[in-house]
Each structure stands twice: as structure tokens, then as C-alpha cells.
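Secondary and tertiary structure notes
Okay, here's what each chain looks like letter by letter:
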Amino acid sequence: MSHTETPAPATPAAGRSGILTFNLLWGLVGLVVGYAIGLWIGHRMGSRFDWVAETDYNDVAILIGYALGTLGYLFGLGILNHPIARMFGRSGGDIAKSSTGWSRYARASTDHKVIGNQYLIGIGIFFFIGGLNAMLIRTELLHPNSPTFSPGQYLTIVGLHGAMMIMMVSSIILGPFGHFFVPLMIGSRRMAFPRLEALSFWLLPLAGVVLMSTIAYGGFPTGWTGYPTLGSQADSGMDGYLVAFALVGIGMILNALNMLVTVFNHRAPGMTWARLPIFVWSMLTTSVLMLLGPPMLLAAVVMEMLDRTSGTAFFSSSSGGSPFLWENLFWFFGHPEVYILALPGFGIVLEILPVFARKPLWGQRLAIAGMLGVTLLSFMVWQHHLFVSGINSSLRPFYMFTTELISVPTGFIFLCGIGTLWRAKIRYTVPMLFALAFFFNFLIGGLSGVYLSDVPSDVSLHGSFFVMAHFHYTIMGGLVFAFFAGIYYWLPKMAGVELNERLGKIHFWTTFVFFNSTFLPLFAVGMLGMPRRVATYAPHLQFLNDWVSISAFLLGASMLVFLANFVWSLLVARIPAAANPWMARSLEWQLPTPVPVWDFDGPVRILAGPYEYGNPAAPPVMELGPPIVAAGD
Amino acid sequence: MTDITPTAADTAELEARNQSTAGRLFVAADAFLFLGFLFAYLYLRALNNNDLWNPHGQNPSGTMGAVVLVLVVVAAAFVHVASGRMAAAGPAAFRAPAAAGLAAALAATVLAGTQLFRPGFSPSHAGGLGSVFIGFIAFYFLHLIGGVYWLETQIVQRPSDILRGSVPPCLLYWWYLAVVLAIFSVLFYLV
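Residues numbered from 1 in each chain as written. Chains lettered and ligands numbered in written order. Predicted model: local features only at pLDDT ≥ 70, side-chain atom pairs only at ≥ 80, totals over all residues.

Here we look at the overall build of chain A
Each helix and strand counted, chain A has 21 helices and 2 strands in total. Expected size for 633 residues packed as a compact globule is a radius of gyration near 26 Å; at 25 Å, chain A falls within 12% of this value. Across its three principal axes, chain A shows a C-alpha extent of roughly 70 × 60 × 50 Å. For chain A, with 633 residues in total, the buried portion stands at 58%. Counted over contacts in chain A with a minimum sequence separation of 6, partners at least 24 positions apart contribute 80%. (Helix = DSSP H or I, 4+ residues; strand = E, 2+ residues; numbered from the N terminus. Rg over C-alpha atoms; globule rule 2.2 N^0.38 Å. Buried ≥ 20, exposed ≤ 12 C-beta atoms within 10 Å, placed from the backbone. Contact = placed C-beta atoms within 7 Å.)

So, the overall build of chain B
In terms of regular secondary structure, chain B is built from 5 helices and 0 strands. When the elements of chain B are put in sequence order from the N terminus, they spell out α-α-α-α-α. Summarising its shape, the C-alpha atoms of chain B cover approximately 75 × 40 × 20 Å along the three principal directions. Going through the 191 residues of chain B one by one, you find that 41% of them count as buried.

Considerations on helix H6 (residues 151–169) of chain A
The first and last C-alpha atoms of H6(A) sit 27 Å apart over 19 residues, in line with the 27 Å expected at 1.5 Å per residue. Among the 19 residues of H6(A), 16 are classified as buried, and the element is accordingly described as predominantly covered. (Expected span 1.5 Å × (residues − 1).)

Re the nonpolar core
Residues Ala244(A), Phe434(A) and Ala485(A) are the most contacted members of the largest nonpolar core, which totals 254 residues. Those residues in contact with Phe434(A), other than ones at most four positions away along the chain, are Phe481(A), Phe484(A), Ala485(A), Tyr488(A) and Phe508(A). (Core = buried A, V, L, I, M, F, W, Y, C linked by C-beta atoms within 7 Å.)

Overview of the interface of chain B and chain A
Counting residues at the interface gives 45 residues for chain B, matched by 50 residues for chain A. Among the elements of the structure, helix H1 (8–47) and helix H4 (127–156) of chain B are those that each provide at least two residues to the side of chain B that touches chain A. With 22 residues, the single largest contributor to the side of chain B that touches chain A is H1(B). For the side of chain B that touches chain A, a count of residues per class yields 24 nonpolar, 14 polar and 7 charged. (Nonpolar A, V, L, I, M, F, W, Y, C, P; charged D, E, K, R; others polar.)

A short note on the environment of Pro91(B)
Residue and element names in this part refer to chain B. As for its position among the elements, proline 91 is in the loop between helix H2 (62–89) and helix H3 (95–117). Since 19 C-beta atoms lie within 10 Å of it, proline 91 is described here as partly exposed. Residues proline 91 and proline 119 lie 28 residues apart in sequence; the distance between their C-alpha atoms is 41 Å.

Focus: the packing of helix H17 (residues 430–453) of chain A against helix H19 (residues 465–495) of chain A
All names here are of chain A. Axis separation between H17 and H19 bottoms out at 8 Å; the angle between their running directions is 160 degrees. In this view, H17 runs roughly antiparallel relative to H19, as classed from their interaxial angle. H19 is crossed by H17, and the crossing has left-handed handedness. Here the residues of the contact of H17 with H19 sort into 17 nonpolar, 9 polar and no charged. (Axes fitted to C-alpha atoms, helices over the stretch in contact; angles between N-to-C directions. Parallel < 35°, antiparallel > 145°, perpendicular 65-115°, else oblique. Left-handed = near helix turned anticlockwise from the far one by under 90°.)

Remarks on unusual backbone geometry
Residues and elements named next belong to chain A. Omega for the bond connecting proline 228 with threonine 229 falls within 30 degrees of zero, at 5 degrees, which places this linkage in the cis form. Relative to the assigned elements, threonine 229 resides in the loop between helix H8 (194–213) and helix H9 (230–233). Looking along the chain, the bond that leaves threonine 593 and enters proline 594 is cis, with omega of -5 degrees. By the secondary structure assignment, proline 594 is in the loop between helix H21 (542–573) and strand S1 (604–606). Positive phi values are uncommon outside glycine, yet arginine 574 reaches one of about 45 degrees.

Focus on the confidence of the model for chain A
Residue and element names in this part refer to chain A. With 93% of its residues at a pLDDT of 70 or more, chain A shows a mean pLDDT of 90. Mean pLDDT values for the elements of chain A range from 61 in helix H2 (residues 50–53) up to 97 in helix H20 (residues 501–527). Contacts from residues 6–15, a stretch scored under 50 in pLDDT, to residues over four places away or in other chains number 25 contacts. (pLDDT = per-residue confidence, 0-100.)

Digging into helix H14 (residues 364–377) of chain A
Residues and elements named next belong to chain A. Taking 1.5 Å per residue as the helical rise, H14 with its 14 residues ought to reach 20 Å, and the 20 Å between its terminal C-alpha atoms agrees with that figure. Along H14, the residues classified as buried are Gln364, Ala367, Ile368, Gly370, Met371, Val374, Thr375 and Leu377. Looking at the packing, one finds that the buried side of H14 touches helix H11 (278–292), helix H13 (323–357), helix H15 (396–405) and helix H16 (407–421).

Section: the confidence of the model for chain B
Residue and element names in this part refer to chain B. Looking at chain B, pLDDT values average 90 and 93% of them are 70 or higher. Overall, residues 1–5 carries pLDDT values under 50, and its contacts beyond four positions in sequence, including any with other chains, amount to 12 contacts. As a predicted assembly, this complex carries a pTM of 0.93 together with an ipTM value of 0.93.

Some points on the environment of Ala552(A)
All names here are of chain A. Among the secondary structure elements, alanine 552 is positioned in helix H21. Between the C-alpha atoms of alanine 552 and leucine 522, which are 30 residues apart in sequence, the distance is 11 Å. Once residues lying within four places of it in the same chain are set aside, the contact partners of alanine 552 are Ala134, Met135, Arg138 and Thr518.

What about the environment of Trp150(B)?
Residue and element names in this part refer to chain B. Following the sequence through the fold, tryptophan 150 ends up in helix H4. A C-alpha to C-alpha distance of 10.0 Å links tryptophan 150 and leucine 171, two positions 21 residues apart in sequence. The residues touching tryptophan 150, leaving out its near neighbours within four places in the chain, are Cys170 and Tyr173.

If you want it as C-alpha cells, here you go:
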């Protein structure tokens, strides 16, 4: 633990401004130019390969196009300046700590607060697109057998929805809230590696664009899981899926590395592990998963790229490979990914509950143990995704047991939440409502997960809408509700303005009601035998499907209430937020709003934990030393 | 109130600690990437689908593999010596042995590239073993390029306290690359 921060200059370093500087516009130009050059090179190279000549598309060209496009994009953004300058013994200084104005959000920045806001906007856009895809899916399912889309188009829409949501929500909390608040909550003035932080963000929108570009190549038929042999045989849209996942995987690893080093090394004096806010613990455990899971995904993705471009046979049974190899590697990443989504949600709601219950967090160490337990066990459950894929039957009981076991540390977290609420004088603010709904929804998702982990029930329900309902209850009912709790809780600090409370409550109640109205019937639909990813279904299921579709449209409309509130509050009303509107104790709320560029005026010393609510004798949470002044100022 | 104003030395110490922690974490993450290829090797070899693990007995060149391994170990050893000299005699003593390490690393990279682009067999007819070899060597080649870049940037920097902090993770990385290649060399050339 230390507090050895870089002294702040008297005024923040201003980056070059104007259109000629490195920014998103030039990044997009670089992307297009790099892609075109890569395509040209790939066609020159690919024409010499038999397996390219035998097909009517050239995966080599497309992959080289994406690779060079990525380099061009990063160059245009100015992110490669520093690595290139380092080769010549210089330090590239084109990324400013911060500057003012809206244009800073379209440039690479090393200010963790700017990056947090960039994540919020970027993920919000892709979340909206993914949501629109969900509306298209439900439109198709209004009728049992009168297609709105062709089967191929339907599969592409399903795949885009799943892949985009999974890729984007991987960082939905760690991105905006983790980057903005973790340094503030531990008393640091920055992340450990600010340039890496900028890179990890800018890879995410690129991944989204690449994923969207698959539409131009005919889409991909595999859903978000990319299973071979379907994936190996798919047209060129599959290349975009693979590249997008590779970019997201790299971004996740860099994100995790940065977050872990920051928490390990940048804690202020007095910020002991016991005083570390529970939200930071959730970021820490999530980062462990993000560090160790995605490399397996990267390995699998590259194997698939090689199968598609150089004729290797990783996933082809007829040539010495096996499609089950992909399933093992993918789910070694994929199941920890589920907890990459769940743990930040736990962190947010446990951070919020004490504030609005005005009580200390009950059993904080138990909650931490729960998060660590989930982290450890999440690497031991992946084969439950292969229960019906021909794994050795003697392995099934072990993976059934570990999957059931993981509900125990999850239960710790529920216990801590309930213990905190016990006999509390609860303030039913919008963030608190979303946090409480998180527990309701996640309970249903968690219990149905235990049910699915049993081999007999999984064998009969595998691939059905029951599974779909289960994971939507955990991911949307859990993570997305926690995300909204976080937005309503922290946006006053992030944006410096208040959100409208009345619209917030309308948003909450409509979302809560229509979410449950959408996904609860899907358990029944699944048990009645309707499989996922099929555009047609038995006529007797139409009533339930129509109910679900209409509920889904209303759920979509409830998001428009949020969007209206967000746009109105940020762009029109702009009511300045108080520095600490919730009377919270954690460090970020002790800072003025908006947070100064260099966060803390002086070095921070932590004096007490963040959850000592209801204790009049509790000391202030921190004290500030004399202002830090850079040498020469 | 205790004076906790950071000093310049503190900041350099923090940067060194950051790089050291990040280096170890990166190696941990990266090991999982190679574990993917280790899993693929063991899984496909055990399955031996249609007797196509190694259908034509087309093994990658052991001689070339051995040379690459020796060069990587030599590179790591030179970086080790450079790191030791820097600790004993200051940053100025780092450059000469590190440059020798860089030369070995460059040679290893060129040869690994040759293994990738001229493996001596067609990937499309090489079965499971050939596939895993191509996949592994492609990744390893990229790792070597990354290692060469890292080492080169250390050498061209002005000697400073930051250099002291950034050399140990670079050293760790090179020894890690050597260990990874040694393990896979046993699998590809000896088993």
C-alpha cells in the first residue's frame, strides 16, 4: 500500500486541439485506409492459396484488412504515438491527461474520469443497438410460422444481439464506474497505466464496429458462442465475429491488468484491505477473472482463424481435430464471463445498500469471501455447458457438484444484503429501488441456475428457452438493473447534474414490471419445448410468445423513458448536483462536483471505513495533506 | 497530521512497483493463452480422430526448434546478466549485455518466423499435430516480436530510475518465453 502519486502540474497538460490533432475522426480514416490496404494485400496473398481459390470469398484478405484497419484506427487516435516514440528513446506525449469541452470524449485521454464517461456513452450506444436487435427477434416470434426475416437473417440478428450484449456488458460496470470511481475510492489520482486505460477503452467501440460490419458479409449463423463446425463453414461474416471477440478479449485483459495494479499499488495510506470499499473488491475479483479467462478465448479464436485461413484442422473431426475443443476452450472463458458480469453487480448493490439503509454493510468480510469464492469456483464449472455434448459421463457429477457449490458463496452475498436491510430505515430512492430489484431478479436467475446445473434437468432443458430465461434473469435482471442503480447513484458525480427523480421512478417501475413480464413466461415456453435460435415454433405456443413479445416492446419503451431522462437532464435541464446528495461516506463523495482534473488537491490519508453509518462517533473517512505541487511550480 | 507529500523518489519507486506487478500479472494471463494450446495438444492427441493426429509423420524440424530454443535461452541469459550488472554498477552497465541479448532475440524471431511460414509441411494436410504446431508457433512468433520490442525500448532509453523498474519484468518475460518454448519443444520434438 502506498500513496506515491505523480505530482500534479499547476494546470493540466492541454492536448493539441482542433481537427488536425489525433482523434476519432482520424481513427476512422485510419480504419478505412488500413482495411483497404489489408484487403488489397490479402487478395494478392490469398490468390496463391488453394483453399482460397476453391471458395468465392477470401478470409485471408478480410482478416488482414481487419488487422491493418485496427492499426490504422489506433494510429489515427494517437494511441500508437507513445509505443513508437519509445522505440527511439523518446516519450510520446500526445495523449493529454485532460482537456476541456466535449471534444475530449472523441479523443484518447489519460484522465480516468473522461475514460469512464467515454465507456458510459460507448457502451450505451451499443447496448441500444443490441436492444433493437432484441426487438427484431421478438417481432419475428410474434407469429409461429410466417417469417418476417429469412432463417439466415434471423440467426444473424440473434447472433448480433447475443455477441454485442455479451461483449459490451463485459465492461458495462467495470468500464464506466470502475474507471471513474476506483481511483477515487482508493485515494489515487489516476489508474496505474493511463495510456493502457485509453487503449483498452478504444478497442471496445472498434470491436462493436467490426461486429456490425459482419452484416455486410452476410452475418454469422452461430449465435454468440461461435460453435464449429458451423462456425468453420460459415461465410466471411464469421471473420468479423472472431476479430471482434479477439479485440474485446485483448481489451478485457488490459483492463484487468490495469485495475489490479491500481488497486494493489495505488491505495492511499490507511486504505487497508478491510477498509477497501466492497465495490472495489468486486472490481478486483472481476479483474482476476478478466485476466485469466479471455486468454483461452483468444487462443480459441486464433485457432478458428487459422482453420479458416491456413487450412489447419483444430476443429475439424474429419482432419484430426474436434469441434469439442472449441467448446472446452470457449466455455473456460465463457463461464467465468458469466461472473465477470455478475460480480460487478454484487459490488454495486452492496455499495448502495448501506447508503440508503443508513446502516453499516452487514458481514463485509463474508461478502468479500463470497466474491473470492465465486472467483475461484467459476473456473471449475465450465463443463456443465457440455453435459449434452458427449463428455465422459463420469465427469458429469463433479461439474454438477461444483456448479451447485457456487451458489453457496453467491448466497453469502445475498445474506449480507439482507442483513444490511434488516430493521433499516430504508430510503426508497431510484438507485435503491434498482438495487432491491437486483436481488429479486437475481434470486430467480440463481435458483433456476441451480435447477439447470442438475444433469437430468439440464439434459431435458438444454438449448431451450428455459436456459434463455435463466441467463436473462441473471444478466439483465441482475447486471443491467445494477448498472441502472449505478447510473442513478453515481451520475450526479460523473456528469455534475441531477437526474429527474420522477422519470427515474417511472423508468424503474416500467422496467421492473415489463422485464418480469417478458422473461418469466419464457421459463414456461422453454419447459414446453421451444428451442432457442429457431424462427418457427409450435402454434400452441403463440399466446405465450405474443405475450412475451408485447412485454418486450414495452420493456424497450421503458428504456426510452431513461433515454429521455438522460438527455433532458444532461443537455436541457442541467440542474447542478450537490457534492454529496446521498450523504454517503465513501471517498468519491467527499470530492467536489465536478471532480477536479487531478482529483485530490493533496495527498490522502484514510482514517475510517466507508460504511460506518449510524455511528455518530465515527471519524471522517479521510484527511487531505497540503496541496501537491510539481517541481518548478 | 503526518506529512505524506510524495517525493520524486517515491514516484519512481511506484512506477517500478507498477511495472513489476504488471509484468507478473501479464505472464500469469499469458500462460493461460499457451495453456489453451497445451490443452489442444493433449486433447487432440488423446482423441486422435480418424487416426489423423499425425497422419503422414510430418514432424516440424527438431533442429530448427532446438536452435530457436537455444537462442531464446541465450537472450534471456544476456538480459539476466544485464539486469545483474545494472543492479551492481548502475544503469550504464546495462546496455552492452542487453544488446547482445537483443541480437540473440532477433535471430530467434527470424527463425521462428521461418518455422511459421516454412514449416516443411502443408497445414491443410498435417492433422492435429501440425495444426497445434502452426497455432503455437504463430503465437510464439508474435510473443518474440513483442519481447524484441520491449528489450529494444529498454536499451534505447536514457539510463534513469525508471529503467531500473522496467528491466525486471522484461527479464521475467524472457525467462518465461524460454520456459514455454522448452515445454512445447518437448511435446513437439521429443514425445
